[in-house]
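# Descriptive analysis of the structure
Residues per chain, in single letters:
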Amino acid sequence: MNHLYLPRLADRELSDRLNRAGAVVIRGAKWCGKTETAKQQAASVLYMQNPDTYESNMLAAQTKPSLLLRGEQPRLIDEWQDAPQLWDAVRFAVDQEGGFGHYILTGSATPGASPKHSGTGRFSPMTMRPMSLFESRDSNGDVSLACLFDDPSLAQGSTSVDVEGIAHLICRGGWPEAVLAADDSNAYGMSKDYIRAVAEEDISRVDGVERNPEYALLIMRAYAHAVATQANMPTIRGLIKAQKTELSRGTVDAYVAALRKLYVFEDLDAWTPSLRDRSRIATTPTRHFVDPSLAAAALGASPDILLKDLPTMGMLFEALCVRDLRIYAESIGGKAFHYHDDAGREADAVVVLDDGRWALVEVKMGSQRVEEGAASLLKLADKIDSSVMGAPSLLMVMAPVQYAYQRPDGVVVVPPTCLKP
């Protein structure tokens, strides 16, 4: 295993939260780097899943959980959800000790049992995802999203990453070990191993309910076919049926819920602005995995296969851009959504900052479709009630092009390998 640590955008966020809360809870998909990031700022570590100490750890958690909290602070408790009572123990300790920065809790699954207390005022929750292209050093960072909100004319940069390079980045994903892998084929295989491990082990461990690995794989494959669409659950079940297996509504819903608890699925919620007309805004989320490499692996897609199937690559390219926009938006004080209405107007992503400013983003696979994306953004921006929402700070098309630039109509075009927070 490669132990080189690449700095993460979460480093600063964790430091800030430790300075304002007694405990920080880092949530997110397994293997995305939560523990390594926490270790950079922890003074001591408790690994709940250490095989040598697992039984004694669980016994202590059941009888006297305060024993597990002993150690230099900030004290990292890794995979705390294995013993949910630790939440209440940490909450009580924070109340007794006062001050900030005592504990860091990391977990790759939502705990099956809810703590007795919410932890409001004691815990500061943060989410980590696999690496963005800027974190993995695949984006040169020529263009800053935060700066574009202030001045879109700052969209100036260039990249040497072509469509073949994008296919590689989709299949490799943002997993730290894959990013550091010396061999591309090994990096691609890691995502395939990931979904197989989820299906065979994690999905049954997340809440103690035994589940069929083949059903889990079928559901992940169906979800992958629906990536970057607003497919509803009946549509997802139809995609499963098309694979010659019919599962009940309850079964599919239960598996999907478990995969969300494991942070494998992470849908993109809908944005509901005030419009100038009476169009009905769709509220169905856009379907996404936490990383596009998992969708590619579920489909059995390699870079070569994607380059021969550009419609599928386009969906996964959108997923890649959405992953990065989520990470960048949160790092600059905002959140990402999507938009679609019954008049056919849409935005693949909407970035809304805490100060109320907002941006519309379209993702297009190829320079020839940039014009289409720009026209769509201008049409949508004109229909949003600026007297209520304010004018958009930014209209952006993300595409695998060579240059970042601002068009005469004000829309900016940015390749994802030029973007940073």
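Below or above, wherever it landed, is the structure these notes cover.

What counts as what
- Residues numbered from 1 in each chain as written.
- Predicted model: local features only at pLDDT ≥ 70, side-chain atom pairs only at ≥ 80, totals over all residues.
- Heavy atoms only, no water.
- Helix = DSSP H or I, 4+ residues; strand = E, 2+ residues; numbered from the N terminus.
- Pairing = 2+ DSSP bridges.
- Axes fitted to C-alpha atoms, helices over the stretch in contact; angles between N-to-C directions.
- Contact = heavy atoms within 4.5 Å.
- Core = buried A, V, L, I, M, F, W, Y, C linked by side-chain atoms within 4.5 Å.
- Buried < 20%, exposed > 50% of the residue type's maximum accessible area, 1.4 Å probe, protein only.
- 1 Å grid on protein atoms, 1.4 Å probe; cavity = no way out; pocket = protein on both sides within 12 Å on 5 of 7 lines; lining within 4 Å.
- Points joined across faces, edges and corners; volume = space filled by probe spheres on them.
- Nonpolar A, V, L, I, M, F, W, Y, C, P; charged D, E, K, R; others polar.
- Salt bridge = Lys/Arg side-chain N within 4 Å of Asp/Glu carboxyl O.
- Expected span 1.5 Å × (residues − 1).
- Phe/Tyr/Trp six-rings, centres within 6.5 Å; stacked < 30°, edge-to-face > 60°.
- Lys NZ or Arg CZ within 6 Å of the ring centre and 35° of its normal.
- Parallel < 35°, antiparallel > 145°, perpendicular 65-115°, else oblique.

### Some details on unusual backbone geometry
- For the bond from Q73 to P74, the omega torsion is 0 degrees, close enough to zero to count as cis.
- Residues other than glycine seldom take positive phi values, yet R137 does so here, at roughly 70 degrees.
- Its location among the elements puts R137 in the loop between β5 (123–128) and β6 (143–144).
- You will see that Y263, though not glycine, has its phi angle at about 60 degrees, which is positive.
- With respect to the helices, strands and loops of the structure, Y263 is situated in the loop between α11 (249–261) and α12 (292–299).

### A few points about the sheet that holds strand β3 (residues 75–78)
- Spatial strand order, β2-β3-β4-β1-β5: 5 strands in an open sheet with parallel pairing. Each having just a single partner strand, β2 (44–47) and β5 make up the two edges of the open sheet. Taking the axes of each pair of neighbouring strands and ignoring which way they run, one obtains an average angle of 20 degrees across the sheet.
- Here 5 bridges tie strand β1 (residues 23–28) to strand β4 (residues 103–107), and the two strands are oriented parallel to one another. Each residue of the ladder has a partner; that of V25, found in β4, is L105.
- In the packing of helix α4 (residues 85–97) onto the sheet, the strands contacted are β1, β3, β4 and β5, and the crossing angle to β4 comes to about 165 degrees.

### Examining the nonpolar core
- Core analysis: the biggest nonpolar cluster contains 93 residues, and M220, V264, F289, M396 and V414 have the highest contact counts within it.
- Of all the elements, helix α14 (residues 310–331) adds the most residues to this core, at 10 residues.
- Discounting residues that sit within four places of it in the chain, F289 has contacts with M220, Y223, A224, V227, V264, F265, E266, L294 and A295.

### Description of the layout of surface pockets
- A volume near 560 Å³ is recorded for the second largest pocket.
- If you trace the second largest pocket, you find 20 residues lining it, with E13, R17, R326, E330 and S331 closest to the centre.
- If you list the elements that add at least two residues to the lining of the second largest pocket, you get α1 (10–18), β5, α14 and β8 (334–340).
- Partitioned by chemical class, the residues of the lining of the second largest pocket number 5 nonpolar, 2 polar and 13 charged.

### Observations concerning the pattern of salt bridges
- All told, the structure shown has 28 salt bridges when counted by the stated rule.
- In this structure, the salt-bridge partner of R260 is D267, at a minimum N-O distance of 3.0 Å.
- Given a relative accessible area of 15%, D267 falls into the buried group.
- With a shortest N-O distance of 3.2 Å, K364 and E372 are connected by a salt bridge.
- One continuous salt-bridge network, built from bridges that share partners, spans R129, E266, R326 and E330.

### Some words on empty space enclosed by the protein
- Under the definition given, this model contains 2 cavities of 30 Å³ or more.
- If you go around the largest cavity, the residues you meet are R8, L9, A10, E13, T127, M128, R129, P130, E135, I327, E330 and S331.
- Of all elements in the fold, only α1, β5 and α14 reach the threshold of two or more residues within the lining of the largest cavity.
- Of all the elements, α14 adds the most residues to the lining of the largest cavity, at 3 residues.

### What to know about the sheet that holds strand β11 (residues 394–398)
- Taken in spatial order, the 7 strands line up as β7-β12-β13-β11-β10-β9-β8 in an open sheet, and their pairing is mixed. Of all the strands in the sheet, the pair left with one neighbour each is β7 (157–158) and β8.
- Pairing between β11 and strand β13 (residues 412–414): 3 bridges, direction parallel. By the bridge assignment for β13, M398 is matched with V414.
- Relative to the sheet, α14 contacts β8, β9 (346–353), β10 (358–363) and β11, its axis offset from that of β8 by approximately 140 degrees.

### Structural notes on α14
- The end-to-end C-alpha distance of α14 is 31 Å, a good match for the 32 Å that 22 residues give at a rise of 1.5 Å each.
- The first or second residue beyond α14 is G333, which carries a positive phi of 80 degrees.

### Looking at the packing of aromatic side chains
- Counting across every chain of the model gives 11 aromatic pairs.
- Here a set of aromatic residues connected by ring pairs shows up, and it is made of W31, W175 and Y194.
- Sitting over the face of the ring of Y255, R211 holds its NZ or CZ atom 5.8 Å from the ring centroid.

### Focus: the environment of T312
- Considering the arrangement of structural elements, one finds T312 in helix α14.
- Considering only alpha carbons, one finds T312 and H225, 87 residues apart in sequence, at a separation of 8.3 Å.
- Look past the residues within four positions of T312 in its chain and what remains in contact with it is L299 and L306.

### A short note on the packing of helix α10 (residues 233–241) against α11
- Running from N to C, α10 and α11 cross one another at 100 degrees; their axes reach a closest spacing of 11 Å. When the axes of α10 and α11 are compared, the pair comes out roughly perpendicular. Judged by residue contacts, M233, R237 and I240 of α10 engage R249, V252, D253 and V256 from α11.
- Tallied by class, residues from the contact of α10 with α11 come to 4 nonpolar, no polar and 3 charged.

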